[in-house]
Amino acid sequence: MNKLLITSAAALLLAACGTDDNDTVISDESVKSWNTALKTMPLTKIFIESHHKEVRQGVTYIDDVLIVNKKIALPADYNPGENKTARREIERLMTAGNREGLQFVIRSGYRTYEHQAQLYSEYVARDGQVAADKYSAQPGHSEHQTGLTFDIGSVASANDFRISFGNTPEGAWLQDHAHEYGFIIRYPEGKEHITGYQYEPWHVRYVGQSLAEELYDSHETLEEYLGLYKQ
Ligand SMILES: [Zn+2]
């Protein structure tokens, strides 16, 4: 997001440095009015307007990144199956880790809307809705429906689907290397108020290598990166 703001500032600077012999130079007056507008505009507005939101067949993309979260849902009939690239990369990731002596296994992957609806109603029946909403998505709001998401565990399994998975050799390796294969830890520790989910060190979402590396370096969630979270 900071980068977008810098880009806007750079554009203004460039405009201000235009030479008189250039016919297309932007007038001093318009530069002044842009500057005034930018100064008076709240930062959050600048960020939000820097992003491009598109809804294609009910699926929301911001800056071409598919987004599903507590607020943004997928249509019930969106059933793309498992994404082939995401599967290939998760296999590569696990093979690399297992070569170093780890024992990765996939515990969960693509899930249909109907399957999520069934799971969610079971969790609500067992723990009540408030508790269920901390660890489970309502139907249409599960990232597993995108086919881009996996829950990773270890053969030992004692810490699978637990916060303590983050402290196992597998969990620590995933934290350090997932981005190299295009994955992010989607619900990181300390960002619960932004994602709406508890820390899930096992839940990875494929976003492609360049975005994954950017998010790894900036410690941003998708919500922050895509301008969906306002402080
Ligand atoms: Zn998951």
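Residues numbered from 1 in each chain as written. Predicted model: local features only at pLDDT ≥ 70, side-chain atom pairs only at ≥ 80, totals over all residues. Heavy atoms only, no water.

Undergrad: Explain the coordination of the zinc ion to me, using residue names and the numbers behind them.
TA: The coordination sphere of the zinc ion, as far as protein atoms go, consists of H144 (NE2), D151 (OD) and H203 (ND1), spread over 2.1 Å. Every donor residue of the zinc ion comes from the same chain, spaced as H-x6-D-x51-H. You can see H144 sitting in the loop between α6 (129-135) and β5 (149-154) and its partner H203 sitting in strand β7 (residues 203-206), a full 59 residues away along the chain. (Donors = N, O, S within 2.8 Å, 3.2 Å for Na, K, Ca; no water. Helix = DSSP H or I, 4+ residues; strand = E, 2+ residues; numbered from the N terminus.)

Undergrad: Please provide a residue-by-residue account of the environment of I152, values included.
TA: With respect to the helices and strands, I152 occurs in strand β5. A relative accessible area of 2% means that I152 is categorised as buried. The spacing of I152 and H203 is 51 residues in sequence and 6.5 Å in space, taken between C-alpha atoms. The contact partners of I152, leaving out residues within four places of it in the chain, are I90, M94, F104, V105, I106, R107, F165, L174, W202 and V204. (Buried < 20%, exposed > 50% of the residue type's maximum accessible area, 1.4 Å probe, protein only. Contact = heavy atoms within 4.5 Å.)

Undergrad: Please set out the packing of aromatic side chains residue by residue, giving values where relevant.
TA: Evaluated as defined, the whole model comprises 7 aromatic pairs. Centroid distance F161 to W202: 5.9 Å. Interplanar angle 65 degrees. Geometry classified as edge-to-face. Taken together, the positions of F161 in the loop between β5 and α7 (169-177) and W202 in the loop between α8 (192-195) and β7 put the pair 41 residues apart, joining distant regions of the chain. Given a relative accessible area of 40%, F161 falls into the partly exposed group. On the accessibility criterion, W202 (4% relative accessible area) is buried. Among the aromatic side chains, those forming a connected cluster through ring pairs are F104, W173 and Y181. Geometry around Y197 places K70 over its ring, the cationic atom sitting 4.2 Å from the centre. (Phe/Tyr/Trp six-rings, centres within 6.5 Å; stacked < 30°, edge-to-face > 60°. Lys NZ or Arg CZ within 6 Å of the ring centre and 35° of its normal.)

Undergrad: Could you give me a rundown of the environment of D64, with the residues and numbers involved?
TA: Here D64 lies in the loop between β2 (59-62) and β3 (65-66). We classify D64 as exposed; its relative accessible area is 59%. Counting along the chain gives 12 residues from D64 to H52, while the straight-line C-alpha distance between them is 7.8 Å. At 2.6 Å, the side chain of D64 forms a polar contact with the side chain of R56. (Polar contact = N/O pair within 3.5 Å; in protein donor to acceptor, adjacent residues only side chain to side chain.)

Undergrad: An account of a negative patch on the surface is needed here, citing residue identities and associated values.
TA: A grouping of D176, E180, E213 and D217 is seen on the molecular surface, where their side chains present a negatively charged patch. As for its placement among the helices and strands, D176 is situated in helix α7. Owing to a relative accessible area of 39%, D176 belongs among the partly exposed residues under this scheme. (Patch = residues over 30% accessible without salt bridge, like charges linked within 9 Å, V, L, I, M, F, W, Y side chains within 5 Å. Areas by Shrake-Rupley, 256 points an atom, 1.4 Å probe, with all protein chains shown as cover. Salt bridge = Lys/Arg side-chain N within 4 Å of Asp/Glu carboxyl O. Lys, Arg positive; Asp, Glu negative; His and termini not counted. Charge placed at Lys NZ, Arg CZ, Asp CG, Glu CD.)

Undergrad: Let's hear about helix α9 (residues 209-218): which residues, and what values?
TA: For α9, the full list of buried residues reads L211, A212 and L215. All buried residues of α9 project into a common sector of 100 degrees when viewed along the axis, lining one side. Away from its buried face by more than 90 degrees, α9 exposes S210 and D217. Those residues of α9 that are buried are in contact with β3, β6 (183-185) and α10 (222-225). (Arc of directions from axis to C-beta.)

Undergrad: Describe the nonpolar core, with residues and values.
TA: Core analysis: the largest hydrophobic core is formed by 20 residues, its most contacted members being L93, I152, L174, F183 and V204. At 5 residues, helix α4 (residues 84-99) tops the list of elements feeding residues into this core. When near neighbours in sequence (up to four residues on either side) are disregarded, F183 contacts A86, E89, I90, L93, L148, F150, A178, V204, R205, Y206 and A212. By size, the runner-up hydrophobic cluster in this structure holds 12 residues, among which are I62, I72, I184 and L215. (Core = buried A, V, L, I, M, F, W, Y, C linked by side-chain atoms within 4.5 Å.)

Undergrad: Lay out the sheet that holds β2 in plain terms, naming residues and giving numbers.
TA: An order of β1-β2-β3 is seen for the 3 strands of this open sheet, with the pairing classed as antiparallel. Strand pairing shows two members of the sheet lacking a second neighbour, β1 (53-56) and β3, which therefore form its edges. Summarising the sheet, β2 and β3 pair through 2 bridges and their orientation is antiparallel. When the bridges of β3 are listed, Y61 appears paired with L66. (Pairing = 2+ DSSP bridges.)

Undergrad: Let's hear about the pattern of salt bridges: which residues, and what values?
TA: Going through the model one piece at a time under the given rule, you end up with 13 salt bridges. Between R56 and E54 there is a salt bridge; the shortest N-O distance is 3.2 Å. Residue R56 is classed as partly exposed on the basis of its relative accessible area, which comes to 34%.

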